[in-house]
Amino acid sequence: MSDTVKYVLDEKDIPRHWYNIMADLPSPPPPVLHPATHQPVGPDDLAPLFPMAVIQQEVSQEREIEIPEPVREVYRQWRPSPLFRARRLEKMLDTPARIYYKYEGVSPAGSHKPNTAIAQAFYNKQEGVKRITTETGAGQWGSSLALAGSLFGLEIEVFMVKVSFQQKPYRRSFMETFGAKCIASPSDMTEAGRAVLREHPDSTGSLGIAISEAVERAVQRDDTKYALGSVLNHVLLHQTVIGLEAMKQFDLAGDYPDIVIAPTGGGSNFGGITFPFLGEQLRGGRKIDLVAVEPSACPTLTRGKYAYDFGDTAHLTPLVKMHTLGSTYVPPGFHAGGLRYHGMAPLVSHITDLGLVRPRAYQQTECFEAGILFAKAEGIIPAPEANHGVKAAIDEALRCKEEGVSRAILFNLCGHGHFDMQAYRDYLDGKLVDQEYDESEIAMALAGLPSVA
Ligand SMILES: *Cc1c(COP(=O)(O)O)cnc(C)c1O
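Cut-offs applied
- Residues numbered from 1 in each chain as written.
- Predicted model: local features only at pLDDT ≥ 70, side-chain atom pairs only at ≥ 80, totals over all residues.
- Heavy atoms only, no water.
- UniProt positions renumbered as here; feature names shortened; annotations may be inferred.
- Near = heavy atom within 4 Å.
- Polar contact = N/O pair within 3.5 Å; in protein donor to acceptor, adjacent residues only side chain to side chain.
- Areas by Shrake-Rupley, 256 points an atom, 1.4 Å probe, with all protein chains shown as cover.
- Nonpolar A, V, L, I, M, F, W, Y, C, P; charged D, E, K, R; others polar.
- Salt bridge = Lys/Arg side-chain N within 4 Å of Asp/Glu carboxyl O.
- Helix = DSSP H or I, 4+ residues; strand = E, 2+ residues; numbered from the N terminus.
- Buried < 20%, exposed > 50% of the residue type's maximum accessible area, 1.4 Å probe, protein only.
- Pairing = 2+ DSSP bridges.
- Right-handed = clockwise from strand over helix to strand, strands pointing away.
- Phe/Tyr/Trp six-rings, centres within 6.5 Å; stacked < 30°, edge-to-face > 60°.
- Lys NZ or Arg CZ within 6 Å of the ring centre and 35° of its normal.

Under an unreviewed UniProt entry, the name given to the protein chain is Tryptophan synthase beta chain, and the source organism is Thioalkalivibrio sulfidiphilus. The Cofactor (unreviewed entry) comment attached to the protein chain in UniProt states, word for word, "pyridoxal 5'-phosphate".

Printed below as a string of structure tokens:
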């Protein structure tokens, strides 16, 4: 076998439907609650924030949801994305494992995020929306929505977590190139931002704060809605194109994964690559080992509490049951900005609670070390977030070697690191330090969890 092994699908193999895991779950996830009444939210409660098509997907039980043709048309620019067999990495590790990775860095924004940004922009446009507000952590989501907004003729306003705004000036340039507005959060444009600045003038921001700002702006105007790049059911749904394509590619390879690995920030690329395989398992197919990987400095699934919490800091969002570190928790400013969210997708939390996922956490320096080894073997520099998946895949491959067994390992290489070279600079200069989360700060944030009967 040659060293470059790539499983390429035809354009006609771009999925025609997204896969909805809700249809196959042994029990439904707990309902989303209204922040004031604690009653399950209905479509009308969400209507100021999202287009109706998206709200319907959020609660749908249909197994397959059709991908609109204009969305598939944009997908065609980079989908189907390639699946590679990491032969050179296998040799470097001298492992009997068969390592595969699905590469989402081929999208124009460099990550998996356009899979949902394109779909959300389409539905907003279809329902006459003029402007979408959002937040972004590392800038991947803001970039993806900026791109989607320009393709569908929508104004995009992005609140970018201040620490990333400062660390990643080129992300802002990317967004502005597509005509989006990019504002450092906390900002003085919103009441939520001003409240944080009054108490913490030097606040470096958090996704929770940025969400509050974006939501506040969206509810102020009828022609404006809000978009979220992760966490919600419809976002995970749109990302299932990743796993659906991977299944066809495994058919081509004549193989099937024993282990599927993905980094988890809000859980969307994890859900995207794993749900189609998990659905197969839940319908009586082969059992697979799902590994969700998060940073030790923001250990939502491994150390958080499975409880009802707000999605944002100012408590404007509905209450969702999820693994959470508390909505006021501000994680340290480590480099995998996309993994700094205090909560988790309710669907990912639910299946973790059901024992269907093995979550694990790694420190940032060991992840960069793994990412650099991967780059040398495979020629692709992963995003710092993606390095968490790379690290877990390498560990699993080394475990195969120890145990003398060959397993098929699939991981999602969810983005490239070309916008993250400052992080690599810091790592290469030996300036990157491991950060533990602050136990007392998490305790404080968790003490503030809303009490839900
Ligand atoms: C946003 C992002 C993540 C984290 O978000 P998920 O919803 O957990 O996928 C991970 N990796 C990359 C490259 C991202 O852009």
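A. Representation of the site of the ligand within the structure. Surrounding the ligand, one finds 15 residues, the nearest of these being Lys113, Ser230, Gly265, Ser268 and Asn269. Separating an oxygen atom of the ligand from a backbone N or O atom of Gly267 is a distance of 2.8 Å. Starting from 380 Å² of accessible surface for the ligand in isolation, the protein chains cover 97%. Along the lines of polarity and charge, the residues of the shell around the ligand split into two nonpolar, 11 polar and two charged.

B. Spatial organisation of the pattern of salt bridges. For the structure shown, the criterion picks out 30 salt bridges. The residue Asp258 makes a salt bridge to Arg286 at a minimum N-O spacing of 3.0 Å. On the criterion of sequence distance, the pair formed by Asp258 in the loop between helix 12 (241-253) and strand 10 (259-263) and Arg286 in the loop between helix 13 (268-282) and strand 11 (289-295) is long-range, its members being 28 residues apart. Exposure remark for Asp258: the relative accessible area of 24% places this residue in the partly exposed category. Here Arg358 makes a salt bridge to Glu396, at a shortest N to O gap of 3.3 Å. Of this pair, Arg358 sits in strand 14 (residues 358-362) while Glu396 sits in helix 17 (residues 384-403); the two residues are 38 residues apart in sequence, bridging distant segments of the chain. The exposure class assigned to Glu396 is buried, which follows from its relative accessible area of 2%. Each member of the salt-bridge network shares a partner with another, and the members are Asp289, Arg358, Arg360, Glu396, Arg399, Glu403 and Arg407.

C. Representation of the pairing of strand 6 (residues 131-136). Of all six residues making up strand 6, six are buried, and the element is well covered by its neighbours. Judged by which residues are buried, strand 6 turns out to be covered on both faces: Arg131, Thr133 and Glu135 on one side and Ile132, Thr134 and Thr136 on the other are all buried. The pairing of strand 6 with strand 7 (residues 155-161) spans six bridges and is classified as parallel. Bridge pairing links Thr133 to Glu157 in strand 7. Taken together, strand 6, helix 6 (residues 140-152) and strand 7 form a β-α-β motif whose crossover is right-handed.

D. Up close: the packing of aromatic side chains. Applying the stated criterion across every chain, the model contains 16 aromatic pairs. Taken together, a centroid distance of 6.1 Å and an interplanar angle of 70° make the contact between Tyr75 and Trp78 edge-to-face. For the pair formed by Tyr75 and Trp78, the shared burial category is buried. An angle of 65° between the planes, with centres 6.1 Å apart, marks the rings of Phe122 and Phe152 as edge-to-face. Highlighted residues: Phe122 in helix 5 (residues 114-126) and Phe152 in helix 6, separated in sequence by 30 residues. With a relative accessible area of 10%, Phe122 lands in the buried category. Owing to a relative accessible area of 15%, Phe152 belongs among the buried residues under this scheme. Members of the aromatic cluster, each reached through a chain of ring pairs, are Tyr7, Tyr100, Phe250, Tyr256 and Phe277. The ring of Phe419 has Arg171 lying over it, and the distance from NZ or CZ to the ring centre is 3.8 Å.

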